[in-house]
Amino acid sequence: MSKKEFFPMDGDRTKYPEIKSDGTADIDLSSHKYIKLWHGPNHPGITGNMAVELTLCGDEVVEGITHVGYLHRGFEKLMERRKYIQNFPLVCRIAVPEPDYNEYNYATCIENLTGIDVPEKGMWLRTLTLEMARLQGFLMWIGGMAGAIGFGTVGQWANYCRDLVLDRFEELTGGRIYHIYILPGGVRNDIPEGFKDRMEKNLREIEGFMKDIRRAFFDNYVFKKRSVGVGYIDPAWVFDYGIVGPNARAAGFKHDIRKNYPYAKYAELDFEITTAKDSDIYTRAFLRFEELLKDIDLIRQILDKMPEKGDHISKVSNMMNLKIPAGETYVRSECTRGEYGYYLVADGSEYPRRVNVRGPSYTHGVALLEKMLVNVNIADVAQLMVSLHTYPPEIER
Amino acid sequence: MGTLKDILSPFSVWKQVLKEPVTIKDPLNRAGSDRYRGFHQNEIDRCIGCGTCEAICENEAIDMVGVASIASKDGDSGLRPMVDYGRCCWCALCVDVCTTGSLKLSNVYTWVDTDPDNFRFIPGIDKKPWDNAEKGYVKPDNYELYPLERVSMDHLHPEERDHSFIEIMKGYSDEEALIEADRCVSCGICTATCPAHMGIPEYIKAIRNKDVEEGLRIMYETNPLPEICGRICTHKCETVCSLGHRGDPISIRWLKRYIADQVPESAYADVLRQDSVEQNDKKIAIIGAGPAGLSAAYYLRQLGYQVKIYEKLQAAGGMMRYGIPEYRLPYDQIDKDVNYILSQGVDIQYNVEVGKDISFSDLHKQYNAVYVATGLHQGRSTRIPGTDHKSVYQAIELLRKITNNEEIEVAEKIVVIGGGNVAMDITRSLARMQKEKYGKVQIIATSLEAEGKMPADLEEIVEAREENATINPGWGPREILIENDKIKGLKVVKCLDVFDAEGRFNPSFDESEEAFFEADMVVESIGQGADLGFIAPEFMEQLEKDHRGRIMVDPLTYQSTLPWLFVGGDIIEGPDVIHGVANGHKAAKGIDLFLNK
């Protein structure tokens, strides 16, 4: 596909607005050529609670400014005022749809700095929850993606499928959304009897729905017409903008933390990194769909390989009094949006000195989005945002 | 990009029209999973109100509140957790950390109520629809947020110790103390129960902070005998320790000893140095240099009073020195604590018996207040036939002679009557001496109480047996058989019960079941009494006494009905060291209150 095909109206696009010598757009609202339009914070086409202040020229976006702060709860600061163990109910709220990555990263930070071991089965169970989190995260995302361009029914199917995974989460961890399952030393509870069979039943049902979703959504002339060639991410931006996960892989970057820096039990699992080339909304959407199907396969592999017996958590010192010697560590893992990282600095006290959360949404949802919004049609703003897969709480942690 | 397939394909999913709707038909009646973290349940009788759930709750959703139907007592704060569902996030860390395992989350998760106040409630007390729900989240068995096993202490093995008086317990190493101190959840149930209300969680925290000097300062706020109490305290704190409900209680006593052991005597003055105390010229006489007398002396000096102790024996310590054998409490450790107290400017006169060398009324005249803490040094006799024989001894007298290095009779076969700690002390002391003298141990300790009901600490009984002493409980002594002026042994009958239906001491026996313990020597150790003969009759008459003839004192100040006379130590409560320390401290405050009225 040629560049011309990606940008069919290329050429005249730079006319409005004119770019000033300092690189910013010269937008004169009194000229009546432009209109300001707030997209969000309450809008079905926005992912979570954030807003984009759009400047339109006709139906074309000439400038987009992201506004966050609707969700700011100061997680990182709050964590400095709580004992290490008390932060587990807190960290999961940093990425609501995928709390497990926060739990895993945070717990692993503590383990790295204290030398707590995780037993074999505990590690398998962690891997299981991480993959289940990816699966339900993608399912929710498909719902959002379809909903953003009016495919409400597909959204309902996807969310039903997600509910099936949440049922299994509920059974395994005791919670549907906030699992608080991964703790230093392993996981909180062993796998219930018959879990594998029930999971398999759910996975089959999900696969059935995925076949329909593929027919109804991905093999769909309307969706293709709306998404192919729209929302192009230039591979040259990947490093400049810190683009990770499916957004980078759809631009041809073979980068997946699970494979490049294997953690948990991923080294023992059989899978390949999914990549694509075209880097538009459709490519990213389809790549996520493929990853979703791979997650189903990975969950099967994990349940097959998980040992039946063994401790799910190791013996730990008193978590109420846990002090971590001065030091720092960075732990990363591959969530649905890409590299999710926790940087933890300990100062020898019972409280973390600093926790920095590297959520992929931060780069995707602010800098990259603002860049990509320019020259996009107003009707494509919602699907463009969803195609970047951002979670605002991750930006405002 | 578009093909005919892309136009037709979406129509293939029309089959979904025929399927059931995917939404849940009745979300209110969908049961939560077996381990769902729903609404709180608390087994109110099992809960001890330790407040660990409140401490771990990161949302501050739990408040410990008083409950009308539950009174506070030793081991139970009387408080119960109140949960605020405006704050709770159902993480269930409160369940995981619960020391008794009383807290659970049911799998019920729907609840409609029109009154917002109802969403702050005390689980188990305020009735809720889910109170009887059986399923829900309970802490998994093989996962703990804190270790439940105690760090054991290195000690001499029976064959190393059964012939010597070297201290058995070797004390914690730095590493062991840190691990043990780490287990504490700082609930403070121990502090409430300790007669002296020592700042236990605080000094344990000092160990975790590797600041033993701070730990020593905290201990001296409430107890000036840490080396001693760190070895032989009756540790009521450990009995009630919240961790003891599901695991081993924290080794509070050994941790106390660890702190005191780490600070050398020479450093005490520096570590415990305090701003100069304003001195006054009021004089207080203390009779008896036991734990209560020493404690009162220390805290009176802290208040600036001029203190003089009159001690009947050659050295200070009272029953701690003359009752407790050296293998449990070495004399140099007693000296360490005593020396520091005396170094605070306490005047002490040994070998002075009040009532004989100095009269009680003289003390009244010379001093502004008098504190009597003479303890229980008079052994009681069973008064069975034969107790007047010369080879029948009182345990307390023998222990005193052993401390004083006086020659005592050690027969080849000995019977000890008594099942308390003093009986174990004399049994184990004599066993050591038999081992030394005869190369073997032939000593039997017998008590009215049956196995498992003996008042002695279990570890004392176990260790005595390890040292080859025979403990044969559940017998009532009947007669000491004497032939040719020589003891042949003790005749006993089976004791069925020590107490009657009303709980009073009234042993019942099965006379048909007899036994005979061969012995050349008998030691009686069935309790001690106070000898208050030194208090002149004119004062004794003015003292209010209870129905058993014991002196009554104000429970807060230990002041008797003679305003200038304060009484404490084992005479009033205990008998043990920590009660003495506690009431000595209270008496010091009481004397201060009396003299500054």
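For the structure, check the block above.
This structure is a prediction, so every number in the text was calculated from the model and none was measured. (Residues numbered from 1 in each chain as written. Chains lettered and ligands numbered in written order. Predicted model: local features only at pLDDT ≥ 70, side-chain atom pairs only at ≥ 80, totals over all residues. Heavy atoms only, no water.)

Trainee: Account for the interface of chain A and chain B, with residues named and values stated.
Mentor: Listed by partner, the interface residues are 46 residues for chain A and 46 residues for chain B. Surface buried jointly by chain A and chain B totals about 4000 Å² across both partners, of which 51% is contributed by carbon and sulfur atoms. Joining chain A to chain B, the criterion identifies seven salt bridges. In this structure, the salt-bridge partner of A:Asp167 is B:Arg30, at a minimum N-O distance of 3.1 Å. Elements represented by at least two residues in the side of chain A that touches chain B include exactly α3 (88–91), α6 (152–173), α7 (195–218) and α8 (221–227) of chain A. The dominant element in the side of chain A that touches chain B, judged by the number of residues it contributes, is α6(A), at eight residues. For the side of chain A that touches chain B, the class distribution of residues is 19 nonpolar, twelve polar and 15 charged. (Contact = heavy atoms within 4.5 Å. Buried area = accessible area lost by both parts, 1.4 Å probe. Salt bridge = Lys/Arg side-chain N within 4 Å of Asp/Glu carboxyl O. Helix = DSSP H or I, 4+ residues; strand = E, 2+ residues; numbered from the N terminus. Nonpolar A, V, L, I, M, F, W, Y, C, P; charged D, E, K, R; others polar.)

Trainee: Before we move on, could you go through helix α15 (residues 331–342) of chain B and cite the residues and values that matter?
Mentor: Residues and elements named next belong to chain B. Look at α15: 16 Å from first C-alpha to last across twelve residues, which is about the 16 Å you get at 1.5 Å a residue. With nine of its twelve residues buried, α15 lies for the most part within the structure. Every buried residue of α15 is accounted for by Tyr331, Gln333, Ile334, Lys336, Asp337, Val338, Tyr340, Ile341 and Leu342. (Expected span 1.5 Å × (residues − 1). Buried < 20%, exposed > 50% of the residue type's maximum accessible area, 1.4 Å probe, protein only.)

Trainee: If you had to explain the sheet that holds strand β5 (residues 120–121) of chain B to someone new, which residues and values would you point to?
Mentor: Residues and elements named next belong to chain B. What the three strands build is an open sheet, ordered β2-β3-β5; its pairing is antiparallel. At either margin of the open sheet sits one strand with a lone partner, and together these are β2 (62–66) and β5. One ladder, built from five bridges, connects β2 with strand β3 (residues 79–84); its direction is antiparallel. Residue pairing for β3: Met64 is matched across the bridge by Pro81. (Pairing = 2+ DSSP bridges.)

Trainee: So what about the pairing of β3(B)? Which residues, and what values?
Mentor: Residue and element names in this part refer to chain B. Of all six residues in β3, five are buried; the element is thus mostly enclosed. Of the strand pairs in this sheet, β3 and β5 are connected by two bridges, and their pairing is antiparallel. Paired with Val83 across the bridge in β5 is Phe121.

Trainee: Describe empty space enclosed by the protein, naming the residues involved and giving the relevant values.
Mentor: Over the atoms a probe the size of a water molecule is rolled, and this reveals where empty space is left. Residue and element names in this part refer to chain B. Evaluation of the coordinates by the stated rule reveals five cavities of 30 Å³ or more. If you add up the space inside the largest cavity, you get close to 110 Å³. In terms of lining residues, the largest cavity is bounded by 16 residues, among which Cys57, Ile62, Cys88, Cys91 and Cys94 are the most central. Among the secondary structure elements, those contributing two or more residues to the lining of the largest cavity are α2 (52–56) and α3 (93–97). Residue composition of the lining of the largest cavity, grouped by class: 13 nonpolar, two polar and one charged. (1 Å grid on protein atoms, 1.4 Å probe; cavity = no way out; pocket = protein on both sides within 12 Å on 5 of 7 lines; lining within 4 Å. Points joined across faces, edges and corners; volume = space filled by probe spheres on them.)

Trainee: Account for a nonpolar patch on the surface, with residues named and values stated.
Mentor: A cluster of nonpolar side chains, A:Tyr221, B:Leu4, B:Ile7, B:Leu8, B:Phe11, B:Trp14, B:Val17 and B:Leu18, forms an exposed patch at the surface whose accessible area comes to about 920 Å². Per-element tally for the nonpolar patch: the top contributor is helix α1 (residues 4–8) of chain B, with three residues. (Patch = residues over 30% accessible without salt bridge, like charges linked within 9 Å, V, L, I, M, F, W, Y side chains within 5 Å. Areas by Shrake-Rupley, 256 points an atom, 1.4 Å probe, with all protein chains shown as cover.)

Trainee: Got a sec to walk through the state of the cysteines? Specific residues and values, please.
Mentor: All names here are of chain B. One pass over the structure, following the stated rule, counts zero disulfides over all chains. Note on Cys53: no disulfide assigned, nearest cysteine sulfur contributed by Cys50 at a separation of 6.3 Å. The thiol of Cys91 is not disulfide-bonded; the next cysteine sulfur, from Cys89, is found 4.2 Å away. Judged by its relative accessible area of 10%, Cys91 is buried. (Disulfide = S-S within 2.5 Å.)

Honestly, it's all geometry; don't read function into it.
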